[in-house]
Amino acid sequence: MERSALAETKKINWVHVSTLVAVAILVGTEMVGASWAAGWALGGLLQLDPLVSRVIEAGFGLCGLALLYYFMRTAIRNEPIR
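Residues numbered from 1 in each chain as written. Predicted model: local features only at pLDDT ≥ 70, side-chain atom pairs only at ≥ 80, totals over all residues. Heavy atoms only, no water.

(A) Here's a closer look at the overall build of the chain. Looking only at helices and strands, the chain has 3 helices and 0 strands in total. By the compact-globule yardstick of 12 Å for 82 residues, the chain is too spread out, its C-alpha radius of gyration being 19 Å. Projected onto the principal axes, the alpha-carbon positions of the chain cover approximately 60 × 25 × 15 Å. The buried share of the chain, reckoned over its 82 residues, is 17%. (Helix = DSSP H or I, 4+ residues; strand = E, 2+ residues; numbered from the N terminus. Rg over C-alpha atoms; globule rule 2.2 N^0.38 Å. Buried < 20%, exposed > 50% of the residue type's maximum accessible area, 1.4 Å probe, protein only.)

Here's what the structure looks like:
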């Protein structure tokens, strides 16, 4: 009961929210873009079939999203919203 009362009294710090949104956009674009490009480069370097190359690109893109998730989890821990 005490925990919910504390959450209700603290206001959202919009400066921290805007910082986290900006970081998510910037780092997300870099991480997902770089991992997708790495998949494309690997497929081209090994002269793979286009379908196999797309699968590798998608796999690397998912890895980039996973990295973004862990990065944002740490960023939110260090830059609290409330």
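(B) Just the pattern of salt bridges, in detail. In this structure the tally under the stated criterion is 1 salt bridge. In this structure, Arg 54 engages Glu 57 in a salt bridge whose closest nitrogen and oxygen atoms are separated by 3.4 Å. In this pair, Arg 54 and Glu 57 both sit in helix H3 (residues 50-78), 3 residues apart, roughly one turn of the helix. (Salt bridge = Lys/Arg side-chain N within 4 Å of Asp/Glu carboxyl O.)

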